[in-house]
Amino acid sequence: HCALFVSALLWLSMSCRAESPIYWLSAVTLDRSGNALQYVCEETVHTLSIYHKQRSKGFKYQGAQTLRFFSECVQLGSAGRPQGDVLAEVQLPDGGGHYLLIFAPVSETNQRSKVLVIPDSWEAFPAGTCRFLNLSANNLALKIEGEVRTVAAQDYTDVEGAQASKDHQQAVMVSLPVAGKPRRVFEGLLHFGRTQRMLYIVFPKEGRRDGRVKFIGIPQSLPQR
């Protein structure tokens, strides 16, 4: 009986280790057009529609840590493996969790994209916060209500509302090229909603290396309970 009990414990332990972590994901594209992609989860083909300036519908994923997105013609082969053109793939972080997938086109000549992954739980990115994601090659200087901070290139910085009673706060954003003069890229009011979080994605203007950037804002309200 003892041997049977030990064997059962070993089997249970191996089963727990083998079980894939669970991810809760949503996506947005930096391209202007929406796209429909397919992926495989638990041996079933699912479709994901992604949009510009808008989060996709959230979805649960459990499977291989390398998540691949295919064209709409993907099919499962005899071994249950997907067959189709891979348009994007992403290596998910260990352990599961909540993440936002950001699709950036590789070129204008094909549909392939590279995918960035950033933490996206409401604990890590709470309501009342603006997240500035800097995808340009230059650091950004950000001044909000008199407080100055730096958003490093290829990184993000979270900013809580400086004054909880104000829904809009004065901001200035300056691009800091390594070679060249600083360039003011934004001056105006930014929205800070107490029941909303705001993601600003900053990326370089195509073909420009002088610090010029553009950015999109993606709001999300607290989920209703």
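The structure this text deals with has already been given above.
The following paragraphs examine the structure supplied in this document. (Residues numbered from 1 in each chain as written. Predicted model: local features only at pLDDT ≥ 70, side-chain atom pairs only at ≥ 80, totals over all residues. Heavy atoms only, no water.)

1. A word on the overall build of the protein
What counts is decided by this rule: Counting from the N terminus, the helices are the DSSP runs of H or I reaching at least four residues and the strands are the DSSP runs of E reaching at least two. Note on classification: 1.4 Å probe, protein chains only; a residue is buried when its accessible area is under 20% of the maximum for its type, exposed when over 50%, partly exposed between these limits. Contact criterion: two residues are considered in contact whenever any of their non-hydrogen atoms come within 4.5 Å of each other. With residues, only the protein chains shown are counted as cover, and all accessible areas are computed by Shrake-Rupley using a 1.4 Å probe.
Tallying secondary structure elements over the protein gives 1 helix and 18 strands in all. A buried classification covers 38% of the 225 residues belonging to the protein. A separation threshold of at least 6 residues defines the contact pool for the protein, and within that pool the share at least 24 residues apart is 54%. Surface accessibility of the protein: about 13400 Å² in total, with carbon and sulfur atoms responsible for 50%.

2. As for the side chain of Arg 197
The condition that has to hold: Think of a polar contact as two N or O atoms within 3.5 Å of one another; within protein, one of them needs to be a possible hydrogen donor and the other a possible acceptor, and neighboring residues in sequence only count if both atoms come from side chains.
Summarising the element assignment, Arg 197 is placed in strand S17 (residues 196-204). Judged by relative accessible area, which is 2%, Arg 197 ranks as buried. Side-chain polar atoms of Arg 197 contact the backbone oxygen of Ser 121, separated by 3.3 Å. Here Gln 220 takes part through its side chain, which lies 2.7 Å from a polar atom of the side chain of Arg 197.

3. Regarding the sheet that holds strand S10 (residues 113-119)
As a reminder, the rule being used: One bridge is not enough; two strands pair if DSSP finds at least two bridges between them. Only the stretch in contact is used when a helix axis is fitted, and all axes are lines through C-alpha atoms; the angle between N-to-C directions ranges over 0 to 180 degrees.
Taken in spatial order, the 4 strands make up an open sheet running S4-S1-S9-S10, and their pairing is mixed. Every interior strand has two partners, whereas the edge strands, strand S4 (59-62) and S10, have only one. Within the sheet, the average angular offset between the axes of one strand and its neighbour, ignoring direction, is 35°. When strand S1 (residues 22-29) meets strand S9 (residues 97-105), the two strands line up parallel, connected through 7 bridges. Among the inter-strand pairings, Val 28 is bridged to a residue of S9, identified as Ile 102.

4. Structural notes on the side chain of Gln 38
Topologically, Gln 38 is positioned in strand S2 (residues 35-41). The buried category is assigned to Gln 38, whose relative accessible area is 11%. Polar side-chain contacts of Gln 38 include one of 3.5 Å to the side chain of Thr 47.

5. Considering the nonpolar core
Keep this limit in mind: Take the buried residues of types Ala, Val, Leu, Ile, Met, Phe, Trp, Tyr and Cys, join any two whose side-chain atoms come within 4.5 Å, and each joined set is a nonpolar core.
Ranked by internal contacts, the top residues of the largest apolar core, which has 20 residues, are Leu 25, Tyr 61, Leu 67, Phe 69, Leu 101 and Phe 103. Sequence-distant contacts of Leu 67, defined by excluding residues within four places in its chain, comprise Leu 25, Tyr 39, Tyr 61, Ala 88, Glu 89, Val 90, Leu 92 and Leu 101. Ile 144, Met 173, Leu 190 and Val 213 belong to the second largest nonpolar core, which has 16 residues in total.

6. Some points on unusual backbone geometry
Unlike most non-glycine residues, Lys 53 shows phi in positive territory, near 65°. With respect to the element layout, Lys 53 can be found in the loop between strand S3 (44-50) and S4. Overall, the relative accessible area of 47% leaves Lys 53 in the partly exposed class. One non-glycine residue, Glu 145, lies in the positive phi region at around 50°. Relative to the elements of secondary structure, Glu 145 occurs in the loop between strand S12 (139-144) and strand S13 (147-151). When its relative accessible area of 29% is taken as the criterion, Glu 145 is described as partly exposed.

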